[in-house]
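Below, each chain spelled out in residue letters.
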Amino acid sequence: MLPAELLEEGQHLMAVCNSCRYCEGFCAVWQSMETRSIFEEKDLNYLANLCHNCSECYYSCQYSPPHEFAINPPKTFARLRAYTYELYAWPRPMATAFHKNGLKVTLLMVLILVAVMSSASFLLGGRLFMTVHDGNFYKIVPHMVMSVAFAVVGTFSALALLIGFLRFWRNVGESHSTLASPGAIATAAKDIFTLVNLDNGGDGCSYPKEKSSEALKWFHHATFYGFLSCFIATTLGAFYYFVLGQHGAPAFTSLPVIFGTIGGLGLIVGPIGLWIMMQRRNEEIVDKSQNGMDLSFIVLLVAISISGLLLLVLRQTAAMGSLLLIHLSFVMTLFLSMPYGRFVHGIYRSGALLKWSLERSRQKKVKAPA
Amino acid sequence: MKHLEKSMSDLSGFDVLVVGGGNAGLAAALSAIEGGAKVLLLESAPEWFRAGNSRHTRDLRCMHDAPTRVMSGAYTEEDFYKDVLSVTQGKTNEHLARMTIRASTECTDWMGSYGVRFQKALGGTLQLGRTNAFFLGGGKAMMNAYYDAAERVGIRVVYNAEVIALNVKDGEFQSVTALIDGVSTEVGAKALVVSSGGFESNLEWLKEAWGPMADNFLIRGTAYNKGKVLRCLLDLGMESISDAKEGHMVAIDGRSPKFDGGIVTRLDCVSLGVVVNNKGERFYDEGEDFWPKRYAIWGRLVAEQPDQVGYSFIDSKAMGKFMPTLFKPYEANTIGDLAQQLKLPVDVVEATIQAYNAAVQPGTFNHEILDDCSTTGLKPAKSHWALKLDKPPYYAYPLKPGLTFTYLGLMVNDRAMVLRKGGERTKNIFAAGEIMAGNILGMGYAAGIGVTIGTVFGRIAGREAAMQALHPKGTSVVVQEVAIHAAR
Ligand SMILES: Cc1cc2nc3c(=O)[nH]c(=O)nc-3n(C[C@H](O)[C@H](O)[C@H](O)COP(=O)(O)OP(=O)(O)OC[C@H]3O[C@@H](n4cnc5c(N)ncnc54)[C@H](O)[C@@H]3O)c2cc1C
Ligand code: HEM
Ligand code: SF4
Ligand code: SF4
């Protein structure tokens, strides 16, 4: 259950906004709000995840502090989102730990993984600091070990994310059957891939400061498509290995390396850009309790990309073994932390956009009488 | 003292001084810069509270002969003028009104050129998509865009700067006295634009005009429109227009804050139920006409009741048929309990509702048209949408008069030039916005026309003030219209 004080804050926000509606042109949140007259926890949880935190409404609001109504939509939605991340997570205590101490938990995880892997490697024959002239890192960590370890962790992570998503879906009042709506999924996909809710009618958003800017969108695109690109690279790599039987190191001109490199660069530029913007954003709209969670996610993404790209460049040197180990520890940490940290914002925002696209096909506005 | 010297030397050498930074003031300041002038704007509020009532607006009314990006259909000069005539019952200056209407065609493009954004056509919560263009994000977003533009083009804006006196000689403006951060400062310029709103936030003045009942008025917008500049200019012998009791007053939720409650305090349930005063008696036909057309008379109706309060009673059938409200309604399972909660005379209220219910005739309810649900033999009658209050739970909202803005203002000509008693022109004093809206709105109101008047006259005032400041002997571009006006 939503803490009473947060529920009240959310309901006060909706009472003010739904009788005002000046922001209806900005984003999906306001359009969806207008189809409701009662705001229970499920509605707030949904709208909070539909909010893209662009802050445009905050600056446009004649009722933000110091006005006595003192509403602050982006901040209230951010607080609600953090609450939902814990509510939907499976198993839940993990999310609480991440929300409270994101950076510490992440670092601890990396350290443990490095320790485990290096001791395992030593036990298996100490090949860690060997130069591998053909750059084939499977000579360092046998492919089987790597595949099995990542298959286990990956499956767990995917399962946890799926459970989180289904919890979200039911919590906001949808049933499993409504998931099978190809049309709505297509519309939602378009909203997700274009981040249309950061556009506000074409000029970008008031982030990090009041002045309209498209930086958030473009840095996010770099991050998001960088991530996708790396995902494709890994999938292709597995395909080359298992299906095409190419067991050596992929050539610099091979597709996995090209996708990995592009993705890695995106995942350096994007998250660093997002981080710089986070430093500059208006403190008034920030739920500071989430800073650790945000930062740890960004640090991990950047660490993965830098270590990954270094690995590519230095794969024929003696540094390769330790780099590989560190890189794999980062990736493994990301996989393990995905269901509990900031990554879930992508899952629930996508879910909210899917619900919004379903709503658009279902409902009519509660209109003012003529 | 040091501070005083600094701000004095800082604020000298400007061509055009604009007093009041709402929509009209920013339109004037930007247009004066377009005319090549150096512009200073004094705004009495601190930065967050800048832009007075304009901060609370949502849309403006514009003429257009064909659909535009931001408005549907067509709204011709004749349509628009007919609407002005009907709401003002003829109390308008046709020349100025038509000039405003024609100039309104340019407003959205001009505002857009300074970064003001609009919702796409057909959007909008109210069915005003044909006649009105809606600001993306509302009036505060619009004013933020204007202030950003002002900074870009080099307009000097000073907040916490309240003008309290004017120095005018023979119809020629010399300087103003302003309290800047509380320090009295003399500021001169070659021409003056006054755009400091009406006097709606001046509780003493309201009391002077309305008597003690004014104590119970709520002010829907800014607390800073105290009418000091208006009073000074009237005292200096300028010609006035309209009347101190004229203005836009609506019935809003009685629980709203004294100032700045804005749009969210509106209540749209009057026509769906029955309204009683604090004696428990009905006093006006709740279903006389469509609510948007009657919205603006209910403020006065409630003001005339004892203690300036009313109570709108509805039953469960009406719930969800009007815009959501900020405050929750009072709720009870019987009319008696509801009356008790509101501390109204229970038996009178019960009798009023019983009499009403007994008078309701069968009909087909339709809130979209003037339907045939009415009462018979009841005084006052309810002529449309009269349904029995018989489905519990019952709900009630308290009503109080909510003043939007006052119409008593300065008479101007079509160059936005302030006229002296007898119609003689001042030399370099121009007015725009609420402070002169009474020239067009002698009474009544058409949604969105406040910003239209401010934008049109703001642009003219800024341009004319710049011209006056830079070429004091030159002739104006609107000579022809001046001639027409002189013949009035
Ligand atoms: C809740 C609400 C909703 C409204 N909605 C609409 C709408 O949707 N469309 C529409 O057309 N109209 C609307 N109106 C009316 C509209 O706000 C006004 O007609 C219009 O904004 C007036 O603009 P203005 O620039 O003349 O005055 P304002 O915007 O009020 O600006 C006057 C400025 O002058 C400053 N000032 C006052 N005295 C002094 C002084 N002595 N020295 C220095 N500065 C001073 C004030 O601080 C203020 O910033 C609404 C009004 C309210 C209250
Ligand atoms: C799938 C749909 C996704 C949507 C709709 C989405 C949307 C957003 C939005 C609107 C923000 C900015 C507001 C905020 O601070 O919360 C944001 C921040 C961010 N997103 Fe996404 N995102 C998605 C997926 C992803 C993915 C897959 C990644 C990376 C793997 C990612 C990484 C980030 C990062 C690093 C930030 C900034 C820091 C932070 O707030 O934690 N996002 N996202
Ligand atoms: S954020 Fe403010 S301006 Fe926007 S809808 Fe809510 S109350 Fe209105
Ligand atoms: S996405 Fe932007 S405009 Fe929409 S609710 Fe969130 S902060 Fe406000």
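Every chain is numbered independently, its residues counted from 1 as its sequence is written. All chains are assigned letters beginning at A, and all ligands numbers beginning at 1, according to the order in which they are written. Only residues with pLDDT of at least 70 are given local features in this predicted model, and only at 80 or more are side-chain atom pairs given and counted; all residues enter the totals for whole chains, interfaces and linings. The basis for every side-chain value is the complete set of non-hydrogen atoms in the structure, without hydrogens or water.

What to know about the site of ligand 4
Working step 1: In the vicinity of ligand 4, the residues found are A:F26, A:C27, A:V29, A:W30, A:C51, A:H52, A:N53, A:C54, A:S55, A:C57 and A:F77.
Working step 2: Three categories are distinguished: nonpolar for Ala, Val, Leu, Ile, Met, Phe, Trp, Tyr, Cys and Pro, charged for Asp, Glu, Lys and Arg, and polar for the others, with Gly belonging to the last. By residue class, the composition of the shell around ligand 4 is eight nonpolar, three polar and no charged. A cutoff of 4 Å decides nearness: a residue is near a molecule or strand if any of its heavy atoms lies inside that distance of it.

Some words on the domain arrangement of chain A
Residue and element names in this part refer to chain A.
Working step 1: Boundaries between domains were set according to an automatic or database domain assignment. Segmentation of chain A into domains returns domain 1 (4-85) and domain 2 (90-360).
Working step 2: The gap between the C-alpha centroids of domain 1 and domain 2 is 29 Å.
Working step 3: In this analysis, two residues are considered to be in contact whenever any of their non-hydrogen atoms come within 4.5 Å of each other. Listed as interface residues are 27 residues of domain 1 and, on the opposing side, 35 residues of domain 2.
Working step 4: With both sides pooled, the region where domain 1 packs onto domain 2 buries about 2,900 Å², and carbon together with sulfur makes up 56% of that total.
Working step 5: Note on terms: buried area is the combined drop in 1.4 Å-probe accessible area of two parts once they are placed together, counting the loss on both. Broken down residue by residue, the surface that domain 1 buries against domain 2 is led by H52, Y59 and Y85, which jointly contribute 29%.
Working step 6: Here a salt bridge means any side-chain nitrogen of Lys or Arg lying within 4 Å of a carboxyl oxygen belonging to Asp or Glu. For the pair domain 1 and domain 2, the interface holds one salt bridge.
Working step 7: Across the salt bridge formed by R36 and E359, the nearest N and O atoms sit 2.9 Å from each other.
Working step 8: Any pair of N or O atoms that falls within 3.5 Å is considered a polar contact. Within protein, one atom must be able to donate a hydrogen and the other to accept it, and sequence-neighbouring residues count only if both atoms are side-chain atoms. In this structure, the connection of domain 1 to domain 2 is made through twelve residue pairs in polar contact (both at pLDDT 80 or more).
Working step 9: Strands here are runs of E lasting at least two residues and helices are runs of H or I lasting at least four, both read from the DSSP assignment and numbered beginning at the N terminus. The set of elements that each furnish at least two residues to the side of domain 1 that touches domain 2 consists of α2 (28-33), α3 (41-50), α4 (56-60) and α5 (73-88).
Working step 10: At seven residues, the largest contribution of residues to the side of domain 1 that touches domain 2 is made by α5.

Section: the coordination of the iron atom of ligand 2
Residue and element names in this part refer to chain A.
Working step 1: Each metal site is built from N, O and S donor atoms within 2.8 Å (3.2 Å for Na, K and Ca), and since water is not included, such sites may look incomplete. With distances of 1.8 to 2.0 Å, the protein atoms coordinating the iron atom of ligand 2 are H220 (NE2) and H345 (NE2).
Working step 2: One can describe the site at the iron atom of ligand 2 as octahedral: its six donor atoms subtend angles covering 84 to 180 degrees at the metal. Taken as a pair, H220 in helix α9 (residues 215-242) and H345 in helix α13 (residues 344-362) lie far apart in primary sequence, 125 residues in all. Tetrahedral means four donors with every angle between 85 and 135 degrees, whereas square planar (four donors) and octahedral (six donors) require angles over 155 degrees between opposite donors and between 65 and 115 for all others; sites fitting neither are termed irregular.

Looking at the domain arrangement of chain B
How big an interface is tends to be expressed through the accessible area that disappears when the partners come together.
Residues and elements named next belong to chain B.
Working step 1: For chain B, the domain assignment lists domain 1 (12-245 + 407-470) and domain 2 (252-402).
Working step 2: Relative placement of domain 1 and domain 2: their C-alpha centres are 35 Å apart.
Working step 3: Taken together, the contacts link 21 residues of domain 1 with 21 residues of domain 2.
Working step 4: When the two sides are added together, the surface that domain 1 and domain 2 hide from each other amounts to roughly 1,800 Å², 55% of it contributed by carbon and sulfur.
Working step 5: On the domain 1 side of the contact with domain 2, N216, L218 and R220 bury the most area, a combined 42% of that side's loss.
Working step 6: Linking domain 1 to domain 2 there are one salt bridge.
Working step 7: Note that D260 and R55 form a salt bridge whose closest N and O atoms lie 2.8 Å from each other.
Working step 8: Taken together, the links from domain 1 to domain 2 amount to 13 residue pairs in polar contact (both at pLDDT 80 or more).
Working step 9: Every element with two or more residues in the side of domain 1 that touches domain 2 is listed here: α7 (203-210) and β10 (218-219).
Working step 10: A per-class count over the side of domain 1 that touches domain 2 returns ten nonpolar, six polar and five charged.

As for the side chain of B:D315
All names here are of chain B.
Working step 1: Position of D315 among the secondary structure elements: in the loop between β14 (310-314) and β15 (330-332).
Working step 2: There is a polar contact of 3.1 Å between the side chain of D315 and the backbone nitrogen of K391.
Working step 3: Filtering out sequence-adjacent residues up to four positions away, D315 remains in contact with K388, L389, D390, K391, P393, Y394 and Y395.

Notes on helix α3 (residues 77-88) of chain B
All names here are of chain B.
Working step 1: Along its twelve residues, α3 runs 16 Å from first to last C-alpha, staying within 8% of the 16 Å computed at 1.5 Å per residue.
Working step 2: E77, F80, Y81, V84 and T88 are the residues of α3 that are buried. Mapping the buried residues of α3 onto a view down its axis gives an arc of 95 degrees, with all of them on the same face. In α3, the exposed positions that point more than 90 degrees away from the buried face belong to K82 and S86.
Working step 3: Those residues of α3 that are buried are in contact with β3 (59-61), α4 (94-103) and α14 (449-470).
Working step 4: Positive backbone phi, approximately 50 degrees, marks Q89, located one or two places after α3. Take the number of residues in a helix, subtract one, and multiply by 1.5 Å to get its expected span. Throughout this description, buried means an accessible area under 20% of the type-specific maximum (1.4 Å probe, protein chains only), exposed means over 50%, and partly exposed covers the range between. Working definition: the arc comes from the directions between the helix axis and the C-beta atoms, pointing outward to the latter.

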